[in-house]
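Survey of secondary and tertiary structure
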Amino acid sequence: MKVPLLDLRAQHESLRDELLAAIHQVMDTQQFVLGPDVQALEDEICRYTRTRHAVGCASGSDAILLALMVLGVTAGDEVITSPFTFFATAAAVSRLRARPVFVDIDPLTYNIDPAAIEAAITPRTRAIMPVHLYGQCTEMIPLLEISERHHLPVIEDAAQAIGSEDRGRPAGSMGKIACFSFYPTKNLGGAGDGGLLTTDDSELAQRLRTLRVHGGDKEYHHREIGINSRLDTLQAAVLRVKLKYLNGWTTERQKKAQRYNQLFQEAKLEFELIPPFVREETRHIFHQYVVRISQHRDAIIKHLDQKGVGTKIYYPVPLHRQDCFEYLGYKEGEFPEAERAASETLALPCFPELTEEQQRYVVDAISSFRA
Ligand SMILES: *Cc1c(COP(=O)(O)O)cnc(C)c1O
């Protein structure tokens, strides 16, 4: 048997006709950029995330860049974020010649540790950017308290967290601005790149709509210098089809996670494997099912690969240890929990169509590992 980390084909098969019809409709209108489906998707995402404004753009990475731009983050500013995230989170800060300031993570959730944020605030801090990693929201109440006390806007990197909730509040509705990604492997994935921002602030939303089209609100008249980052109509049409199924898929992901938990409990492994920690009062959408294996992780990966089980490390190098961020001056050991997570975590196959048989195979394969 082979169990891939993610299999997008099963999902596509079930939606094939619906997707092709939506794509044909866009082709017939020949409105390929920011067409009617983009506006409709923005409205639907507003409803889904319980926000007032949504602005589509070309990718999750661009959404982060646009969020920082609209908040006026510029050279010499500092933005506090997690060192244990996808590269794009901090790269956008650096692209504006601002400085990513890392704060260590909570070892249970792998999200930024709110209790460590305040010590990192300086007069140059311009924003706090938590990342809702693996589909579980950062603990937002203490984080928002800090942001209010210091008058710092919060940008949610919700690229992995559409549909996730913290105490009943949807990801994307808690910060000043939030960023989503529709990269094909995300829980709501397009047929290519796509991204979106949400905010309740109408002025920011208006400026984001301008910034994504080169800063012009009237053709060839530019009020500020923006970028070209628009959502394709084809992507919006595909995403609108899929959005209707997202809650059902999320429920399926949650069921797979629960079944893994149960199977691991029954398996009586010879080594320690810690299943994902789910905070109370959160809705974890299991973008990834990530376990912690403090010993033999890399040998286990090899063993699973030989058995046909796909796994992946998200992420093997914490951002403060990336070559391109050497200039920031961080040292090894500076964020011990992020470093430990990078060397101990492992994502297992978890997607809506994963079968019980496949899950049993994965757990049996792990159980059969001998050091
Ligand atoms: C995927 C992702 C992004 C970037 O999104 P793209 O659409 O790939 O540009 C940013 N942050 C996190 C946490 C992500 O997982």
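Residues numbered from 1 in each chain as written. Predicted model: local features only at pLDDT ≥ 70, side-chain atom pairs only at ≥ 80, totals over all residues. Heavy atoms only, no water.

This paragraph deals with the sheet that holds strand β5 (residues 155-157). Strand pairing within a sheet occurs via backbone hydrogen bonds; the two strands may be parallel or antiparallel. The strand order across the open sheet built from 4 strands is β1-β9-β8-β5, with neighbouring strands paired in mixed fashion. Only two strands of the sheet have a single partner each, and these edge strands are β1 (53-57) and β5. Sheet twist, expressed as the average angle between the axes of neighbouring strands with direction ignored, equals 20°. Here strand β8 (residues 177-181) runs beside strand β9 (residues 195-199); their pairing, made up of 5 bridges, is antiparallel. Bridging from a neighbouring strand, S181 pairs with G195 of β9. Docked against the sheet, helix α6 (residues 202-211) engages β1, β8 and β9, running at close to 20° with respect to β1. (Pairing = 2+ DSSP bridges. Helix = DSSP H or I, 4+ residues; strand = E, 2+ residues; numbered from the N terminus. Axes fitted to C-alpha atoms, helices over the stretch in contact; angles between N-to-C directions. Contact = heavy atoms within 4.5 Å.)

What follows covers the site of the ligand. As a matter of local geometry, the ligand sits amid 17 residues, with G60, S61, Q160, S181 and K186 nearest to it. G60 has a polar backbone atom sitting 2.8 Å from an oxygen atom of the ligand. The contact in question runs from an oxygen atom of the ligand to an N or O atom on the side chain of S181, over 2.6 Å. Burial of the ligand by the surrounding chains reaches 93%, relative to a free accessible area of 380 Å². Here the ligand is seated within the largest pocket. (Near = heavy atom within 4 Å. Polar contact = N/O pair within 3.5 Å; in protein donor to acceptor, adjacent residues only side chain to side chain. Areas by Shrake-Rupley, 256 points an atom, 1.4 Å probe, with all protein chains shown as cover. 1 Å grid on protein atoms, 1.4 Å probe; cavity = no way out; pocket = protein on both sides within 12 Å on 5 of 7 lines; lining within 4 Å. Sits in = over half its atoms within 2 Å of the grid points.)

This part takes up the sheet that holds strand β12 (residues 282-283). If you walk across this open sheet you meet the 3 strands as β7-β6-β12, and the pairing is antiparallel. Of all strands in the sheet, those bounded by a partner on one side alone are β7 (169-170) and β12. By the bridge criterion, 2 bridges tie strand β6 (residues 165-166) to β12 in an arrangement that is antiparallel. Residue E165 lies in a different strand from β12, and its bridge partner there is R283.

A word on the environment of P275. Residue placement: P275 occurs in the loop between α8 (246-267) and β12. Accessibility expressed as a relative area gives 31% for P275, which makes it partly exposed. For P275 and Y289, which are 14 residues apart along the polypeptide, the C-alpha to C-alpha distance reads 8.1 Å. (Buried < 20%, exposed > 50% of the residue type's maximum accessible area, 1.4 Å probe, protein only.)

Before going further, it helps to spend a moment on the pairing of strand β2 (residues 78-81). A regular strand carries its side chains on alternate faces of the sheet. Burial of the side chains of β2 extends over both faces: E78 and I80 are buried on one face and V79 and T81 on the other. When β2 meets strand β3 (residues 99-102), the two strands line up parallel, connected through 4 bridges. Bridged to T81 within β3 is F102. A crossover links β2 with its parallel partner β3, the connecting element being helix α4 (residues 88-95), and its sense is right-handed. (Right-handed = clockwise from strand over helix to strand, strands pointing away.)

The next point concerns the domain arrangement of the protein. Examined at the domain level, the protein breaks down into domain 1 (8-243) and domain 2 (246-367). With 46 residues of domain 1 at the contact, the number on the domain 2 side is 36 residues. Interface of domain 1 and domain 2: buried area, both sides summed, is about 3,800 Å²; carbon and sulfur atoms make up 58% of it. For the domain 1 face of the interface with domain 2, the top three residues by lost area are F102, Y134 and N187, together amounting to 19%. The interface formed by domain 1 and domain 2 holds 2 salt bridges in total. With its nearest N and O atoms 2.8 Å apart, the salt bridge here joins D166 to R279. Applying the counting criterion to the domain 1 and domain 2 interface returns 27 residue pairs in polar contact (both at pLDDT 80 or more). Going through the elements one at a time, α1 (8-29), α4, β3, β6 and α7 (233-243) are the ones with two or more residues in the side of domain 1 that touches domain 2. At 4 residues, the largest contribution of residues to the side of domain 1 that touches domain 2 is made by β3. By residue class, the composition of the side of domain 1 that touches domain 2 is 24 nonpolar, 14 polar and 8 charged. (Domains from an automatic or database assignment. Buried area = accessible area lost by both parts, 1.4 Å probe. Salt bridge = Lys/Arg side-chain N within 4 Å of Asp/Glu carboxyl O. Nonpolar A, V, L, I, M, F, W, Y, C, P; charged D, E, K, R; others polar.)

Let us now look at the pairing of strand β14 (residues 345-348). Alternating positions in β14 separate into two faces, T345 and A347 on one and L346 and L348 on the other, with burial throughout. Pairing between strand β13 (residues 289-292) and β14: 4 bridges, direction antiparallel. Bridge assignment links V290 to a residue of β14, and that residue is A347.

So, about the packing of aromatic side chains. Applying the stated criterion across every chain yields a total of 14 aromatic pairs. With 6.1 Å between their ring centres and 40° between their planes, F86 and Y315 make a pair best called tilted. Here F86 is found in the loop between β2 and α4, whereas its partner Y315 is found in the loop between α9 (297-306) and α10 (336-344), with 229 residues between them in sequence. Judged by its relative accessible area of 44%, F86 falls in the partly exposed class. What makes Y315 buried here is its relative accessible area of 13%. Here the aromatic cluster, defined as three or more aromatic residues joined through ring pairs, consists of F87, F102, F325, Y330 and F335. (Phe/Tyr/Trp six-rings, centres within 6.5 Å; stacked < 30°, edge-to-face > 60°.)

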